[in-house]
Amino acid sequence: RAKLQQRAGHFYFSRSMGVEIRERVRMMHALRTAFGQDQLFVVYQPQIDLVTRRPMGAEALLRWQTPDGKFISPDRFIPIAEYSGLIIDLGEWVMRTAMRELVALRAAGHDNFMMSINVSQVQFRHPYFLEMLRSALEDTKAPPEFVELEITESMAMEEPDLLIKMLGQIKQTGVSIAIDDFGTGFSSLSYLQRLQIDRLKIDRAFVTEITGSARGSSIAEMVIQLGRNLGLAVIAEGVEDERQAMILQTLGCPLAQGFLFARPMTAPVLASWLNDDALQGAA
Ligand code: C2E
Ligand code: MG
Ligand code: MG
Ligand code: MG
């Protein structure tokens, strides 16, 4: 009887796996088509100085809108792009698009503006990543000192020696590097010290916790302190209300990103949003 159940359980398991794989394959084809048909576009979320409340840069975020108007979250389709290898071309396209937008914003007078670009671990491990980065910089004429690449902390945990070497080479191009979703992995202090990074991004989960309990701000506080000790810049992501912003500012966090300040926006909306902000600043 136990044997039968086991077998039944096994059958059920593999059938649901089959459904999941079929769904993934379906989405993989749809994504490939979407990429070819311009259903993908890049939006930009401003990054704000918590003291002056002025925009200092933006993070490029990929969007997929299907022909029937539905949005599919990058949390769903990025893993599929990684799994299928499409992320190599897609990631390069995002990088070039964001760099061209940076150049356009500079031409419009926003000349201290930073552009942050997410880089998948699959891209990062690709043998031509460095070459791709160099030619994207060269072709778009984006100034590397205003380009930042975001890699996730979980990625920073794997293959330390390879990562250390890669970061060194990337740094030589002049771009800077941020660790995204920081606080979710378990990087040790000594390991972090060996990485040529410039900035830590406090994960949204810890920003949300700030106003939750008495000890809610302890992780955010630790990351800010860590940044100070290691001489790294710190930015908080997912700031949704004024209380969170106030606490972060009190803790000494210089920069933030979140719906409180601005949602991710298309390139033309960002350009006019920045111009409105500049006008307000002058008034
Ligand atoms: P991430 O890099 O950590 O990006 C931050 C995410 O938080 C974005 O979600 C952003 O829209 C969202 N967000 C920003 N402020 C707030 C807020 O105040 N509240 C809330 N609830 N959310 C906020 P999004 O755009 O859905 O992207 C999700 C993830 O997908 C990103 O997380 C990143 O890991 C990945 N991703 C997005 N675009 C790209 C890309 O071009 N390349 C790669 N490799 N990954 C990407
Ligand atoms: Mg990011
Ligand atoms: Mg993040
Ligand atoms: Mg994230």
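Keep in mind the model is a prediction, meaning the values are calculated, not measured. (Residues numbered from 1 in each chain as written. Chains lettered and ligands numbered in written order. Predicted model: local features only at pLDDT ≥ 70, side-chain atom pairs only at ≥ 80, totals over all residues. Heavy atoms only, no water.)

1. Some thoughts on unusual backbone geometry
Consideration 1: The residue Asp38 is not glycine, and still its phi comes out positive at about 60°.
Consideration 2: With respect to the element layout, Asp38 can be found in the loop between helix H1 (2–36) and strand S1 (40–49).
Consideration 3: In this structure, Arg53 is a non-glycine residue whose phi angle is positive, near 65°.
Consideration 4: Tracing the chain through its elements places Arg53 in the loop between S1 and strand S2 (55–65). (Helix = DSSP H or I, 4+ residues; strand = E, 2+ residues; numbered from the N terminus.)

2. Thoughts on the pairing of strand S5 (residues 147–152)
Consideration 1: In terms of burial, S5 is a largely internal element, five of the six residues being buried.
Consideration 2: When strand S4 (residues 114–118) meets S5, the two strands line up parallel, connected through four bridges. Bridged to Ser116 within S5 is Glu148.
Consideration 3: Strand direction decides the pairing type here: S5 and strand S6 (residues 176–182), joined by five bridges, are parallel. If you follow Ile151 over to S6, its bridge partner there is Ile179. (Buried < 20%, exposed > 50% of the residue type's maximum accessible area, 1.4 Å probe, protein only. Pairing = 2+ DSSP bridges.)

3. What about the environment of Ser176?
Consideration 1: Relative to the helices and strands, Ser176 resides in strand S6.
Consideration 2: Residues Ser176 and Val269, spaced 93 residues apart in sequence, show a C-alpha to C-alpha distance of 26 Å.
Consideration 3: If sequence neighbours within four positions are ignored, Ser176 has contacts with Met114, Pro144, Val147, Glu148, Leu149, Lys171 and Asp198. (Contact = heavy atoms within 4.5 Å.)

4. Focus: the coordination of the magnesium ion (ligand 3)
Consideration 1: Here the magnesium ion (ligand 3) is held by the protein donor atoms Asp180 (OD), Asp181 (OD), Glu237 (OE) and Glu237 (OE), which lie 1.9 to 2.5 Å from it.
Consideration 2: Between the magnesium ion (ligand 3) and the magnesium ion (ligand 2), both coordinated by Asp180, there is a metal-metal distance of 4.1 Å.
Consideration 3: For Asp181, a relative accessible area of 25% gives the class partly exposed. (Donors = N, O, S within 2.8 Å, 3.2 Å for Na, K, Ca; no water.)

5. Here we look at the site of ligand 1
Consideration 1: Taken together, 23 residues sit near ligand 1, with Arg63, Asn118, Asp180, Glu240 and Phe259 positioned nearest.
Consideration 2: Separating an oxygen atom of ligand 1 from a side-chain N or O atom of Glu59 is a distance of 3.0 Å.
Consideration 3: Considering ligand 1 on its own, with 800 Å² of exposed area, one finds that the protein chains cover 85% of that surface.
Consideration 4: Elements represented by at least two residues in the shell around ligand 1 include exactly S2, helix H2 (74–84) and S6.
Consideration 5: Ranked by residues supplied to the shell around ligand 1, first place goes to S2 with four residues.
Consideration 6: Its residues assigned to classes, the shell around ligand 1 comprises nine nonpolar, five polar and nine charged. (Near = heavy atom within 4 Å. Polar contact = N/O pair within 3.5 Å; in protein donor to acceptor, adjacent residues only side chain to side chain. Areas by Shrake-Rupley, 256 points an atom, 1.4 Å probe, with all protein chains shown as cover. Nonpolar A, V, L, I, M, F, W, Y, C, P; charged D, E, K, R; others polar.)

6. Some points on the coordination of the magnesium ion (ligand 2)
Consideration 1: On the protein side, the magnesium ion (ligand 2) has Glu59 (OE), Asn118 (OD1), Glu150 (OE) and Asp180 (OD) as donor atoms, found 2.0 to 2.3 Å from it.
Consideration 2: Counting gaps between the donor residues of the magnesium ion (ligand 2) yields the pattern E-x58-N-x31-E-x29-D.
Consideration 3: Residue classification places Glu150 among the buried residues on the basis of a relative accessible area of 2%.

7. Let's talk about the packing of helix H3 (residues 87–107) against helix H5 (residues 129–140)
Consideration 1: Running from N to C, H3 and H5 cross one another at 30°; their axes reach a closest spacing of 9 Å. Considering their axes alone, H3 and H5 lie roughly parallel with respect to each other. Our pair here, H3 against H5, has a crossing hand that is right-handed. Facing H3, whose interface residues are Glu92, Met95, Arg96, Met99, Arg100 and Val103, H5 presents Phe129, Met132, Leu133, Ser135, Ala136, Leu137, Asp139 and Thr140. (Axes fitted to C-alpha atoms, helices over the stretch in contact; angles between N-to-C directions. Parallel < 35°, antiparallel > 145°, perpendicular 65-115°, else oblique. Left-handed = near helix turned anticlockwise from the far one by under 90°.)

8. Regarding the nonpolar core
Consideration 1: The biggest cluster of nonpolar side chains holds 80 residues, and the ones touching the most others in it are Met95, Phe124, Phe129, Leu149, Ile170 and Ile202.
Consideration 2: Ranked by residue count, the leading element in this core is H3, at eight residues.
Consideration 3: The contact partners of Phe129, leaving out residues within four places of it in the chain, are Met95, Val119, Gln123, Phe124, Leu149, Met166 and Ile170. (Core = buried A, V, L, I, M, F, W, Y, C linked by side-chain atoms within 4.5 Å.)

9. So, the packing of H5 against helix H7 (residues 160–172)
Consideration 1: Between H5 and H7, whose axes approach to 10 Å, the crossing angle comes to 15°. With respect to each other, H5 and H7 are oriented roughly parallel. For the pair H5 and H7, the sense of crossing is right-handed. Contact residues: Phe129, Leu130 and Leu133 in H5; Met166, Gln169 and Ile170 in H7.
Consideration 2: The residue inventory of the contact of H5 with H7, partitioned by class, reads five nonpolar, one polar and no charged.

Read these as geometric descriptors, not functional statements.
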